[in-house]
Amino acid sequence: MAGKQALNIVKMKKMKQDGIPLAMITAYDYPSAQLAEEAGADLLLVGDSLGNVVLGYDSTIPVTLDDMVYHARSVARGAQHTFIVVDMPFMTYHGSIDETLRNVRRLMQEGRAHAVKMEGGAEIAPAVQAIVQAGVPVLGHIGLTPQSVNQIGGYRVQGKDAADAKRLMEDAKALECAGAFGIVLELVTEEVATAISRELSIPTIGIGAGRGCDGQVLVYHDVLKYTADYRDKRFVKTYADIGAQIRQGILEYVTDVKNRSFPAEEHVFRADQGVQESLGTLYGKGKVEVRS
């Protein structure tokens, strides 16, 4: 978008201080990135949620580093003036630091990311610190962490009791100390998310975490109901029903093809008269017959 200046992590921290919310949305390809940038999104997240909404998996776990690089590169081409964060997929940052940094390098150089996002708390702080020291901004992610859904027993709201609230606060502080420039809080009770947001100097970005966060993020396909079998989610507000419009548009196209109303006169190209006469001579007819 001409004239738009991409955010950086310094500006984002200043926005938190000034009370200006950050608007983040996922994007997975060139056209979705273009449209999100034109609409004024502050940040784009190439989320491993693409496993669910684009690749047809039932979780994010099967998503590979190659998948993330491919989709990130497409998004970067579509949104050249927006800060792009790319998820590190399942088990790409739990091995050695050297291996982790190699994976980060691919997302930054091949995927053209501006930052990476990592799920987990205090247990991944050493990896976060190493990545930040290598010069790469890191966005943390705590609360419901989809890559750990099998371990935490499903998609459950986090921070419902005092012990869980304490754990989340400690994880958030550990990520801040490790150098994360911000933290996504997913499916966290509003009270806990608000307390964490007030305690940290870095921005929090909520998804199902209430009104006290410094910004919000939603999945592109949730915002637009861009799917055939959309299921409503309590923490999501949908702004358009693109799925229904796409289905109806394709239905009308198929119907027009079947009843031969498409292509119509305005959709065809005409040859010169001499070409029509030569075709008629070739096939032994005065003119070429076109079915209507």
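Further up the page is the structure itself.
Reading guide: rules and limits
- Residues numbered from 1 in each chain as written.
- Predicted model: local features only at pLDDT ≥ 70, side-chain atom pairs only at ≥ 80, totals over all residues.
- Heavy atoms only, no water.
- Buried < 20%, exposed > 50% of the residue type's maximum accessible area, 1.4 Å probe, protein only.
- Helix = DSSP H or I, 4+ residues; strand = E, 2+ residues; numbered from the N terminus.
- Pairing = 2+ DSSP bridges.
- Axes fitted to C-alpha atoms, helices over the stretch in contact; angles between N-to-C directions.
- Salt bridge = Lys/Arg side-chain N within 4 Å of Asp/Glu carboxyl O.
- Lys, Arg positive; Asp, Glu negative; His and termini not counted.
- Polar contact = N/O pair within 3.5 Å; in protein donor to acceptor, adjacent residues only side chain to side chain.
- Contact = heavy atoms within 4.5 Å.
- Phe/Tyr/Trp six-rings, centres within 6.5 Å; stacked < 30°, edge-to-face > 60°.

**Thoughts on the pairing of strand E5 (residues 138-143)**
Buried residues dominate E5, accounting for six of its six residues. Residues Val-138, Gly-140 and Ile-142 point to one face of E5 and Leu-139, His-141 and Gly-143 to the other, with burial holding for every one of them. Across four bridges, strand E4 (residues 115-119) lies against E5 in parallel orientation. Within E5, the residue paired with Met-118 across the bridge is Gly-140.

**Quick look at the sheet that holds strand E6 (residues 182-186)**
Here we have eight strands rolled up into a closed barrel, ordered E1-E2-E3-E4-E5-E6-E7-E8, and parallel in their pairing. Neighbour-to-neighbour, the strand axes of the sheet open up by a mean angle of 25 degrees, direction not taken into account. Pairing of strand E1 (residues 22-26) with strand E8 (residues 215-218), which is carried by four bridges, proceeds in the parallel orientation. Each residue of the ladder has a partner; that of Met-24, found in E8, is Val-217.

**Observations regarding the pattern of salt bridges**
Note that side chains of opposite charge can pair when their charged atoms are close. Taken as a whole and assessed by the stated rule, the structure comprises 13 salt bridges. A salt bridge links Lys-14 to Asp-18; the shortest N-O distance between them is 2.6 Å. Of this pair, Lys-14 and Asp-18 are both found in helix H1 (residues 9-18), four residues apart, which corresponds to roughly one turn of the helix. The salt bridge involving Glu-265 is made with Arg-270; its shortest N-O contact spans 3.0 Å. The class for Glu-265 is exposed, based on a relative accessible area of 52%. On the accessibility criterion, Arg-270 (60% relative accessible area) is exposed.

**Considering the side chain of Glu-186**
Take Glu-186: it is sitting in strand E6. No salt bridge is formed by the buried Glu-186, whose closest oppositely charged neighbour, Lys-117, lies at an N-O distance of 6.2 Å. In this structure the side chain of Glu-186 is engaged in a polar contact, spanning 2.9 Å, whose partner is the side chain of His-141. Those residues in contact with Glu-186 that lie beyond four places of it in its chain are His-141, Ile-142, Gly-143, Leu-144, Pro-146 and Ile-207.

**Quick word on the packing of aromatic side chains**
By the definition in use, this model includes two aromatic pairs. A centroid spacing of 5.9 Å and a plane angle of 75 degrees characterise the contact between Phe-83 and Phe-181, whose relative ring orientation is edge-to-face. Of the two residues, Phe-83 is situated in strand E3 (residues 83-87) and Phe-181 in the loop between helix H8 (162-178) and E6; the sequence distance between them amounts to 98 residues. On the accessibility criterion, Phe-83 (6% relative accessible area) is buried. Relative to Phe-262, the ring of Tyr-253 has its centre 6.2 Å away and its plane inclined at 65 degrees; by these criteria the two rings are edge-to-face. Judged by its relative accessible area of 48%, Tyr-253 falls in the partly exposed class.

**A few points about the environment of Pro-146**
By the secondary structure assignment, Pro-146 is in the loop between E5 and helix H7 (149-152). Residues Pro-146 and Glu-186, 40 residues apart in the sequence, show an inter-C-alpha distance of 9.3 Å. Ignoring any residue separated from it by four or fewer positions in sequence, one finds Pro-146 in contact with Thr-60, Glu-119, His-141 and Glu-186.

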